[in-house]
Amino acid sequence: MLNLVLFGPPGAGKGTQAEFLIESFGLVHLSTGDLLRNEIASSTPLGVEAKRYMDNGELVPDSVVIGMIKNKLEANTDAKGFIFDGFPRTVAQAEALDQLLNANGTPVSAMLSLEVAKEELIARLLNRGKTSGRSDDQDESIIENRINVYNEKTLPLKNYFAGQNKHFGIKGMGSIDEIAARLSEAIKAL
Ligand code: ADP
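Residues numbered from 1 in each chain as written. Predicted model: local features only at pLDDT ≥ 70, side-chain atom pairs only at ≥ 80, totals over all residues. Heavy atoms only, no water.

1. Let's talk about the overall build of the chain
Working step 1: Scanning the chain from N- to C-terminus turns up 9 helices and 5 strands.
Working step 2: In the chain, the order of α-helices and β-strands from amino to carboxyl end is β-α-β-α-α-α-β-α-β-α-α-α-β-α.
Working step 3: Taking 16 Å as the expected radius of gyration for a compact globule of 190 residues, we find that the chain reaches 16 Å, a close match to that expectation.
Working step 4: For the chain, the spread of C-alpha atoms along the three principal axes comes to 40 × 40 × 30 Å.
Working step 5: Here the chain holds 190 residues, and 44% of them are scored as buried.
Working step 6: Across the chain, every contact between residues at least 6 apart in sequence was considered, and the portion connecting residues at least 24 apart equals 72%.
Working step 7: Summed over its atoms, the accessible surface of the chain is roughly 9,300 Å², and 50% of this surface lies on carbon and sulfur atoms.
Working step 8: Distance between charge centroids for the chain: 1 Å, based on 20 positive and 25 negative side chains. (Helix = DSSP H or I, 4+ residues; strand = E, 2+ residues; numbered from the N terminus. Rg over C-alpha atoms; globule rule 2.2 N^0.38 Å. Buried < 20%, exposed > 50% of the residue type's maximum accessible area, 1.4 Å probe, protein only. Contact = heavy atoms within 4.5 Å. Areas by Shrake-Rupley, 256 points an atom, 1.4 Å probe, with all protein chains shown as cover. Lys, Arg positive; Asp, Glu negative; His and termini not counted. Charge placed at Lys NZ, Arg CZ, Asp CG, Glu CD.)

2. Here we look at the site of the ligand
Working step 1: In the vicinity of the ligand lie 20 residues, with T32, R37, E58, Q93 and R146 positioned nearest.
Working step 2: With respect to the ligand, the side chain of R37 contributes an N or O atom lying 2.9 Å from an oxygen atom.
Working step 3: For the ligand, a nitrogen atom lies 3.0 Å from a polar atom in the backbone of V60.
Working step 4: Calculation on the ligand without its partners gives an accessible area of 540 Å², and the protein chains cover 96% of this total.
Working step 5: Of the pockets mapped on this structure, the ligand occupies the largest pocket.
Working step 6: Here the shell around the ligand takes 4 residues from helix α2 (residues 32-41), the largest share from any one element. (Near = heavy atom within 4 Å. Polar contact = N/O pair within 3.5 Å; in protein donor to acceptor, adjacent residues only side chain to side chain. 1 Å grid on protein atoms, 1.4 Å probe; cavity = no way out; pocket = protein on both sides within 12 Å on 5 of 7 lines; lining within 4 Å. Sits in = over half its atoms within 2 Å of the grid points.)

3. Overview of helix α1 (residues 14-25)
Working step 1: For α1, spanning 12 residues, the distance from its first C-alpha to its last is 16 Å, which sits close to the expected 16 Å at 1.5 Å a residue.
Working step 2: Along α1, the residues classified as buried are K14, Q17, A18, L21 and F25. With its buried residues spanning 110 degrees around the axis, α1 presents them on a single face. Looking at α1, the residues exposed on the side facing more than 90 degrees away from the buried face are E19 and E23.
Working step 3: As for α1, its buried residues are in contact with β1 (2-7), β2 (28-31), β3 (81-85), β4 (110-115) and α9 (176-188). (Expected span 1.5 Å × (residues − 1). Arc of directions from axis to C-beta.)

4. Side note on the layout of surface pockets
Working step 1: What the largest pocket holds in volume is close to 1,000 Å³.
Working step 2: Elements that contribute at least two residues to the lining of the largest pocket include exactly β1, α1, β2, α2, α6 (118-132), α7 (140-154) and α9.
Working step 3: Taken together, the residues that form the lining of the largest pocket break down as 18 nonpolar, 18 polar and 12 charged. (Points joined across faces, edges and corners; volume = space filled by probe spheres on them. Nonpolar A, V, L, I, M, F, W, Y, C, P; charged D, E, K, R; others polar.)

5. Structural notes on the packing of α6 against α7
Working step 1: Running from N to C, α6 and α7 cross one another at 130 degrees; their axes reach a closest spacing of 10 Å. The angle between the axes of α6 and α7 places the two elements in the oblique class. Crossing hand, α6 versus α7: right-handed. Counted together, K118, L121, I122, L125, L126 and R128 of α6 and E140, I143, E144, R146 and I147 of α7 form the full contact between these two elements. (Axes fitted to C-alpha atoms, helices over the stretch in contact; angles between N-to-C directions. Parallel < 35°, antiparallel > 145°, perpendicular 65-115°, else oblique. Left-handed = near helix turned anticlockwise from the far one by under 90°.)

6. What to know about the nonpolar core
Working step 1: One finds L36, I69, L73, F84 and L97 to be the most contacted residues of the largest nonpolar core, which totals 28 residues.
Working step 2: Those elements that place two or more of their residues in this core are β1, α2, α3 (45-55), α4 (62-75), β3, α5 (91-103) and α8 (156-162).
Working step 3: At 6 residues, the largest contribution of residues to this core is made by α4.
Working step 4: Apart from the residues lying within four places of it in its own chain, the contact partners of L73 are L30, F82, F84, L100 and L101.
Working step 5: A12, A18, L112 and L125 belong to the second largest nonpolar core, which has 22 residues in total. (Core = buried A, V, L, I, M, F, W, Y, C linked by side-chain atoms within 4.5 Å.)

Structure follows, in structure tokens:
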């Protein structure tokens, strides 16, 4: 089973590359950002609570996203593997993911970390905000906050996965195809 964690700051291209990876490797895509936006669109109590955090560029509480991932894993027991996109984002989430996957005997295979310069991230997100309708992509100070939250709470996960020899840095600048080729190469070498 191939369980990939696609990692990187907001705007690194995780969603774009996840689409390519699910097709190439037949994986189930689990994006906590997409799952949360679906909850918001359906105006569920979870969505209403999550929106307050997301609109400010803050993380949604761990218990909320861990619960969503647990449900999705249980609903996809016949999957060939998963691509985790935007999850885990804290050490507590990584520990919970390890626990859930190890209980099934199907641990994380690798963390693929897309590396992109900060100025490029901000430019990409502002550009996406023009068409995506995402409120968290419109305002430069909220984007800055998301990058700061990433550096403070999410970046430590590099060490967490490096400690398990599962961290692979991938250059996330260049064309979509070039980056996809780099990811493929890293996955095939696993
Ligand atoms: P991006 O990577 O561009 O920030 P996402 O769609 O992954 O976009 O996330 C959007 C927002 O959803 C985050 O800023 C955060 O508020 C919330 N979110 C998504 N995934 C998580 C997670 N694993 N833990 C906490 N909050 C999350």
